[in-house]
Amino acid sequence: MSQQETDQQVENDGFVVDTEDCEEREQAYRARGTSRPITVVGNPVLHKECKDVTEFDDKLAALIDDMFASQRTAEGVGLAANQIGVDLKVFVYDCMDDEGVRHVGVVCNPVLEELPADRRVLDESNEGCLSVPTAYAELARPDYAEVSGQDAEGNPIRVRGTGYFARCLQHETDHLYGYLYIDRLSKRDRKDALKQMAEGTPRYEVVPNA
Ligand SMILES: [Zn+2]
């Protein structure tokens with residue numbers, strides 16, 4: 001616990017500093033954690049809103065450690081708790097933005113901030129998801145995102161990101177409300193993504209659907 005209490009410092013303007021000591025912090029989390037298999041589309045835990053985090057205790061810290069370990073094993077840049085089968089609103093990330101800056105952090109109970117229309121510049125890039133293994137599709141999303149929530153100790157935090165990291169923040173928040181990126185695709189593109197998944201073989205362990 002003591003390690004994590006200093007993990008997330010807050011800048012003057014209220015946004016978390018998630019760009020410092022990334023390697024050390026990420027390594028400490030995953031060294032304590034155990035990698036778990038990833039749930040895939042069709043598993044009910046991915047298709048409903050997760051429960052709010054209310055206990056900011058050692059059990060939550062252990063879950064976060066496991067999430068970092070699982071994220072690394074599956075070579076993801078973000079992971080939501082329901083992707084390892086846990087019905088709780090927590091996501092972790094280890095993601096580069098479009099300036100090549102690495103961001104590492106944790107958000108509990110995330111809420112995506114509504115952006116003013118003039119900040120909603122859509123970026124149409126490729127997106128993929130560990131829970132839809134081997135599939136990718138282009139999806140337009142705002143290229144800037146702000147998320148408010150809590151850290152692992154329950155302190156209020158805000159996280160912001162640009163480019164690919166903005167996409168990650170939106171994607172992971174969606175997960176915790178029961179949405180996959182393929183739910184935002186056209187019927188045709190969704191079908192194509194599921195076809196890619198059916199034809200591919202994940203490079204990491206997944207939870208078979210019943
Ligand atoms: Zn995902």
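Residues numbered from 1 in each chain as written. Predicted model: local features only at pLDDT ≥ 70, side-chain atom pairs only at ≥ 80, totals over all residues.

## Some points on helix α2 (residues 22-32)
Phase 1: Buried residues of α2: Arg25, Tyr29 and Arg30, and no others. Down the axis, α2 shows its buried residues gathered within 120° of arc, on one side only. Those residues of α2 that are exposed and aimed more than 90 degrees away from the buried face are Glu23, Glu24 and Ala31. (Buried ≥ 20, exposed ≤ 12 C-beta atoms within 10 Å, placed from the backbone. Helix = DSSP H or I, 4+ residues; strand = E, 2+ residues; numbered from the N terminus. Arc of directions from axis to C-beta.)

## Brief notes about the nonpolar core
Phase 1: Counting residues in each nonpolar core, the largest one holds 48 residues, and the members touching the most others are Ile64, Met67, Ala81, Val90, Phe91 and Val92.
Phase 2: At the level of secondary structure, the elements contributing two or more residues to this core comprise α3 (58-73), β4 (78-80), β5 (90-96), β6 (102-112), β9 (144-150), β10 (156-162) and α4 (163-176).
Phase 3: Sequence-distant contacts of Val92, that is, excluding residues within four places in its chain, are made with Ile64, Met67, Phe68, Gln71, Leu79 and Val106. (Core = buried A, V, L, I, M, F, W, Y, C linked by C-beta atoms within 7 Å. Contact = placed C-beta atoms within 7 Å.)

## Examining α4
Phase 1: An ideal rise of 1.5 Å per residue puts 20 Å on 14 residues; α4 measures up with 21 Å between its terminal C-alpha atoms.
Phase 2: Here α4 lies mainly inside the structure; 12 of its 14 residues are buried.
Phase 3: Within the span of α4, buried status applies to Phe165, Ala166, Arg167, Cys168, Leu169, Gln170, His171, Glu172, Thr173, Asp174, His175 and Leu176.
Phase 4: Directly after α4, the chain includes Gly178, whose backbone phi takes a positive value near 90°. (Expected span 1.5 Å × (residues − 1).)

## A closer look at the UniProt feature "active site" (unreviewed entry) in the protein chain
Phase 1: In this structure's numbering, the residues bearing the UniProt feature "active site" (unreviewed entry) are Glu172.
Phase 2: Counting through the fold element by element, Glu172 comes out in helix α4. (UniProt positions renumbered as here; feature names shortened; annotations may be inferred.)

## Examining the environment of Asp143
Phase 1: Relative to the helices and strands, Asp143 is located in the loop between β8 (136-142) and β9.
Phase 2: Exposure remark for Asp143: the 21 C-beta atoms within 10 Å place this residue in the buried category.
Phase 3: Ignoring anything within four residues of it in the chain, the contact list for Asp143 reads Val121, Asp123, Thr162, Gly163 and Ala166.

## A look at the UniProt feature "binding site: Fe cation" (unreviewed entry) in the protein chain
Phase 1: Listed under "binding site: Fe cation" (unreviewed entry) in the UniProt record, and renumbered for this structure, are Cys129, His171 and His175. Separation in sequence by 47 residues is not matched in space for these annotated residues, since their most distant C-alpha atoms are only 10.1 Å apart.
Phase 2: Of note, Cys129 is situated in the loop between β7 (122-128) and β8.
Phase 3: When near neighbours in sequence (up to four residues on either side) are disregarded, Cys129 contacts Leu180 and Tyr181.
Phase 4: Relative to the helices and strands, His175 is located in helix α4.

## Looking at the confidence of the model for the protein chain
Phase 1: Mean pLDDT over the protein chain stands at 93; residues scoring 70 or higher make up 94%.
Phase 2: Scored below 50 in pLDDT, residues 1-7 shows seven contacts in the model against residues more than four places distant or in partner chains. (pLDDT = per-residue confidence, 0-100.)

## So, the sheet that holds β5
Phase 1: Read across the sheet, five strands follow the order β4-β5-β6-β9-β10 without closing on themselves; strand pairing throughout is antiparallel. Edge positions in the sheet fall to β4 and β10, since each has one partner strand and no second. Across the sheet, the mean angle separating the axes of adjacent strands is 30° when strand polarity is ignored.
Phase 2: Here α3 sits on the sheet in contact with β4, β5 and β6, set at roughly 40° to β5. (Pairing = 2+ DSSP bridges. Axes fitted to C-alpha atoms, helices over the stretch in contact; angles between N-to-C directions.)

## Looking at the pairing of β6
Phase 1: Bridging between β5 and β6 involves seven bridges; their strand directions are antiparallel. Of the residues in β6, the one forming a bridge with Met96 is Arg102.
Phase 2: Here three bridges tie β6 to β9, and the two strands are oriented antiparallel to one another. Residue pairing across strands places Val111 opposite Ser148, the latter belonging to β9.

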